[in-house]
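Next come the chains, spelled out residue by residue.
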Amino acid sequence: MAYQVGYRLVYCSTENDDKKGTELIRMLHKQVDGFIVTPSSGMKEEMLKLKKAKKPVVLLDRYFTDVDIPSVLVDNKNGIHSGVQLLVDKGYKRIAFIVTALEQMQMQDRLDAFKTSAKTHKLLFPELILELPFAAEEDAYEEGIKEFLSRNQDVDAIFLQRIILPYRALKYCRI
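Draft legend 1. Quick peek at the pattern of salt bridges. Tallying each qualifying case throughout the model produces seven salt bridges. Lys-20 is paired through a salt bridge with Glu-15; the nearest N and O atoms lie 3.4 Å apart. Three or more residues are tied together by salt bridges with common partners; here these are Arg-26, Glu-46 and Lys-49.

Draft legend 2. Main features of the sheet that holds strand β5 (residues 129-132). On the basis of which strands lie adjacent, the open sheet formed by three strands has the order β5-β4-β6 and parallel pairing. If you trace the sheet from one side to the other, it starts and ends with β5 and β6 (157-160), each paired once. Strand-to-strand twist of the sheet, defined as the mean angle between neighbouring strand axes without regard to direction, takes the value 15 degrees. Pairing geometry for strand β4 (residues 95-100) and β6, over four bridges, is parallel. Counted as the bridge partner of Phe-97 is Phe-159 from β6. Lying on the sheet, helix α3 (residues 76-89) is in contact with β4 and β6; it crosses β6 at an angle near 165 degrees. Along the sheet face, helix α4 (residues 105-120) touches β4, β5 and β6 and points at about 165 degrees away from the line of β4.

Draft legend 3. View of the packing of helix α1 (residues 18-28) against helix α2 (residues 44-52). Direction vectors running N to C along α1 and α2 enclose 15 degrees, while the axes themselves pass 10 Å from each other. Between α1 and α2, the crossing angle belongs to the class labelled roughly parallel. Considering the relative orientation of α1 and α2, their crossing is left-handed. Counting all contacts with α1, which are made through Thr-22, Ile-25 and Arg-26, the residues of α2 involved are Glu-46, Met-47, Lys-49 and Leu-50. Taken together, the residues of the contact of α1 with α2 break down into three nonpolar, one polar and three charged.

Draft legend 4. Spotlight on the nonpolar core. Ranked by internal contacts, the top residues of the largest apolar core, which has 15 residues, are Ile-80, Val-84, Ile-95, Phe-97, Phe-114 and Phe-159. Once residues within four sequence positions are removed from consideration, Phe-97 is found in contact with Ile-80, Arg-110, Leu-111, Phe-114, Leu-128, Ile-129, Leu-130, Phe-159 and Gln-161. Counting 13 residues, the second-largest nonpolar core is a separate cluster that includes Ile-25, Phe-35, Met-47 and Leu-59.

About the thresholds
Residues numbered from 1 in each chain as written. Predicted model: local features only at pLDDT ≥ 70, side-chain atom pairs only at ≥ 80, totals over all residues. Heavy atoms only, no water. Salt bridge = Lys/Arg side-chain N within 4 Å of Asp/Glu carboxyl O. Pairing = 2+ DSSP bridges. Helix = DSSP H or I, 4+ residues; strand = E, 2+ residues; numbered from the N terminus. Axes fitted to C-alpha atoms, helices over the stretch in contact; angles between N-to-C directions. Contact = heavy atoms within 4.5 Å. Parallel < 35°, antiparallel > 145°, perpendicular 65-115°, else oblique. Left-handed = near helix turned anticlockwise from the far one by under 90°. Nonpolar A, V, L, I, M, F, W, Y, C, P; charged D, E, K, R; others polar. Core = buried A, V, L, I, M, F, W, Y, C linked by side-chain atoms within 4.5 Å. Buried < 20%, exposed > 50% of the residue type's maximum accessible area, 1.4 Å probe, protein only.

Here it is as structure tokens:
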């Protein structure tokens, strides 16, 4: 649709790297009319510079609590609460939660919502939360998940918080 009204889109990935994200923003600053950014946690200053320069900017899926920049967000808290409720309604009791990138606000929101839901349903077992680093190598994800599931063999459901994690986790689940 953007093309039909005379705009062109440029897509870049920061790979959640502050330095790469900052370089991309600076490179594109004078060449684009506006930004839709999924910022890494260390890009707040760069977002403030865009705002100060009066560049239109919208944050996507992430936000900074103390910065007044419009954002489009997933309802992480209600999504997690609904997911936990669905699993509980289906009879699951030992629900594991695997999360990465806890420095990102949306991931912290998801973890907090899971803990709240788990407490509400009397499911919270701290050992059933696995925190993995965002930038881990695929083998590190696999090893972390494998070790976690071998220590917690009575897990009957898993909440995964990154698109790459389901494939890594399914290798070790009993089907």
